[in-house]
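Inside the fold
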Amino acid sequence: MVLKRIISLLLSILLLLSVSACNSSPILSDQTDTGRLLERKSFFPKRDFDSAPAFSELEYKHYTRDRIELLLDKLYELCEGEHPEDRFETYLTDVLDEFGYADTQQILLELKYDMDTSNVETAEELIYLDETLYELRDEYNMALRALAESKNSKLMRSVFTDKEIAGFSEYVDSDQEELEVYLEIEKKKQLYDDLISEKNPNFKKITELFIELIALNKKSAEFSGYESFAEMTYSCDFLRNYSPDDAGELWGYVKKYFAPIISKYEHDYYSACRRLLYVNRPNNTMEPLEAIKTVAEGSSYELGAAYRFLVDKGLYDIDISKNKANFSYTICLYNYNVPFIFHCADGTLSDNFILMHEFGHFVNTAYQDYTYYETMEDIDAAELQAHSMEFLATLYYEEIFGNLASEALKYLILDTAMGVTDGAMYDEFLQRAYEEEELTSEKLLDIYKELYLDYGYSPYYGYEYEWCYIPHLFKMPFYYISYCVASLGALQVYGELLKDPHKGTEIVMKLLASDNCETDFETLME
């Protein structure tokens, strides 16, 4: 697995070097009409978008534990007496469906909070719901433990293997300390939102908060029986088939091959940023949704249908607001099987790049029949899909960016290269920080400053706190290595688009249509 990724890295370097001047871009008007070619081809599962609810119809309703507890009581009833073989599966489905509804309510509440992080009432309700669902999941596992230890454990074989049943019988219920640690982590994540949203963030406070979060996360890993928090997140949260140690091998190759490229083209990158991202959107460029429409309808009728689904159902929040959480993501509302894009816009062309990325996530989720208990996906694969969507858009850059098309292409290629280095750098930063027995602010900043140079970046005044603006480090630790891996794959996809826009577009369609719960990154790259 690691060897394949290293080969991917080397190919990406060759590709990057061959196009880094960005003197030209494959523009659709110079090619055969891609949209008409793919209009006759279907890549995605059938989906009835018309029957899905509009986001305006969905609203968080205060959730109580009564319904799930009644359903869990039914599972306990199976421990005694005689029961039909299919009864356990029926009861279990009812419980999981209710958890799906509860989790959907939690997501609606999280969206409400992210739309206005200053709302104290919403923040308090979110902590209440976090606590409630944490306790209910614990009760769910205890109910399965009781059945696994009973004389009727054979009923569970209709759903679980004997090994899984044995695992349930060994479940140890959470104690009060575990719950307190979990809730404290959630509260500190909210505090991070408050601190980073200030006009002049207090980086010393944010650094202290980060160190406190590290200590709490390490405790949570101990409770779960893992040797390290990195190991737990790699395997449980992100379903990676490689370890934190394997990632360490990748860091070395990134520093050897990519850091010199970053150093060489850093000036070009920031020059492109000044023209594209540090000024309001120029009049001769497209609005983000218009740009997505151009790419979607020009590429295939199925992408066009996903775009209309996004817009017609209002499945996005891309408003500019100082009270919004300062990040972007796409999330699935399980109970309704609809995706939603959240983005804290700033009114620059940055919105175009970010929303094109998020539309890649949106398309994949829109066409998959994801449920609450089938949503553990390969994050590397998901990010490959979204990054590939960004490169598909390069076929339409003259339409989207006008006379800034070449500058936009230069920015995207170099930004993707920085995705490789950033992904590796922040993973190494976290692993080293989490390995420290007595981490101090000074030690943390020393680690970051050392790595910043190792990965080819030039220091500037205040650079030692640049990491404070990365919400993933606080809210989803160890996510960032997926950007490294996915960026490598996306650069290969771009190579295919350069060679043949039609075949390259088909590759992107196949990637977007893949079920990330069943297909991993390595399989997608074959």
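Look a little higher up for the structure.
A brief report on the enclosed structure follows. Here the structure is a predicted model, which is why all the values come from computation and not from measurement.

**What to know about the sheet that holds strand β1 (residues 316-317)**
- The strand order across the open sheet formed by three strands is β1-β3-β2, and the pairing between neighbours is mixed. Two strands lie at the open edges of the sheet, namely β1 and β2 (328-333), each paired on one side alone.
- Lying over the sheet, helix α4 (residues 87-115) contacts β1, β2 and β3 (338-343), oriented at roughly 155 degrees with respect to β2.

**Brief notes about the side chain of Glu 390**
- Tracing the sequence through the fold places Glu 390 in helix α14 (residues 379-392).
- Side chain to side chain, Glu 390 and His 357 meet in a polar contact 2.8 Å long.
- When sequence neighbours within four positions are dropped, the list of residues in contact with Glu 390 reads Phe 353, Met 356, His 357, Tyr 397 and Leu 412.

**Re the layout of surface pockets**
- By volume, the second largest pocket is sized at about 320 Å³.
- The wall of the second largest pocket is formed by 15 residues, among which Glu 227, Ser 228, Phe 229, Ala 230 and Tyr 434 lie closest to the centre.
- For the lining of the second largest pocket, the class distribution of residues is six nonpolar, two polar and seven charged.

**Thoughts on the pairing of β2**
- Relative to β3, β2 runs antiparallel, the two sharing six bridges. Bridge pairing in β3 links Thr 330 to Ile 341.
- Hairpin connection of β2 to β3: four residues between the antiparallel strands, including Asn 337 at a positive phi of 55 degrees.

**Quick word on the packing of helix α7 (residues 176-196) against helix α8 (residues 203-223)**
- Running from N to C, α7 and α8 point in directions that differ by 155 degrees, and their axes come no closer than 10 Å. Looking at the two axes, α7 sits roughly antiparallel to α8. As for how α7 packs across α8, the hand of that crossing is left-handed. Between α7 and α8, the contacting residues are Glu 177, Glu 178, Val 181, Glu 184, Ile 185, Lys 188, Leu 191, Tyr 192, Leu 195 and Ile 196 on the first element and Lys 205, Ile 206, Leu 209, Glu 212, Leu 213, Leu 216, Asn 217, Lys 219, Ser 220 and Phe 223 on the second.
- A class-by-class count of the residues in the contact of α7 with α8 yields eleven nonpolar, two polar and seven charged.

**Let's talk about the pattern of salt bridges**
- Summed over the entire model, instances satisfying the criterion amount to 22 salt bridges.
- Here Glu 98 makes a salt bridge to Arg 67, at a shortest N to O gap of 3.6 Å. Of the two residues, Glu 98 sits in helix α4 while Arg 67 sits in helix α3 (residues 66-77), which places them 31 residues apart along the sequence.
- As a salt-bridge pair, Lys 449 and Asp 446 come within 3.9 Å of each other at their nearest N and O atoms. Separated by three residues within a single helix, Lys 449 and Asp 446 lie in helix α17 (residues 441-454), roughly one turn from each other.
- The exposure class of Asp 446 is partly exposed, given its relative accessible area of 43%.
- One connected set of salt bridges, linked through shared partners, spans Arg 65, Glu 69, Glu 135 and Glu 139.

Calculation criteria
Every chain's residues receive numbers from 1 upward, in the order its sequence appears when written. Given that this is a predicted model, residues contribute local features only at a pLDDT of at least 70 and side-chain atom pairs are listed and counted only at 80 or more, while totals for whole chains, interfaces and linings are drawn from all residues. Side-chain numbers here rest on the full set of heavy atoms in the structure, without hydrogens or water. One requirement defines pairing of two strands: DSSP has to find at least two bridges between them. Elements are defined by DSSP. Helices are runs of H or I of four residues or more, strands are runs of E of two residues or more, and each kind is numbered from the N terminus. We call two residues in contact whenever any of their non-hydrogen atoms come within 4.5 Å of each other. Lines are fitted to the C-alpha atoms to define the axes, a helix being fitted only along its stretch in contact, and any angle between axes, read from their N-to-C directions, falls within 0 to 180 degrees. As used in this structure description, the phrase polar contact means that two N or O atoms lie within 3.5 Å; if the pair is within protein, one of them must be able to donate a hydrogen and the other to accept it, and residues adjacent in sequence are counted only when both atoms belong to side chains. A 1.4 Å probe that fits into a set of points on a 1 Å grid over the protein atoms alone but cannot get out defines a cavity; an open set with protein on both sides within 12 Å along at least five of seven lines defines a pocket, and lining residues are those with an atom within 4 Å of a point. Grid points are joined across faces, edges and corners, and a volume is the space filled by probe spheres set on the points. Under the scheme applied, nonpolar residues are Ala, Val, Leu, Ile, Met, Phe, Trp, Tyr, Cys and Pro; charged residues are Asp, Glu, Lys and Arg; polar residues are all the others, including Gly. Orientation categories follow fixed angle ranges, with anything under 35 degrees roughly parallel, anything over 145 roughly antiparallel, 65 to 115 roughly perpendicular, and all other angles oblique. Handedness of each helix crossing follows the sense of rotation of the near helix against the far helix: counterclockwise by less than a right angle gives left-handed, clockwise gives right-handed. Salt-bridge detection follows one rule: a side-chain nitrogen of Lys or Arg within 4 Å of a carboxyl oxygen of Asp or Glu. Categorising residues by exposure relies on relative accessible area from a 1.4 Å probe, with only protein chains included: less than 20% of the type maximum marks a residue as buried, more than 50% marks it as exposed, and the intermediate range marks it as partly exposed.

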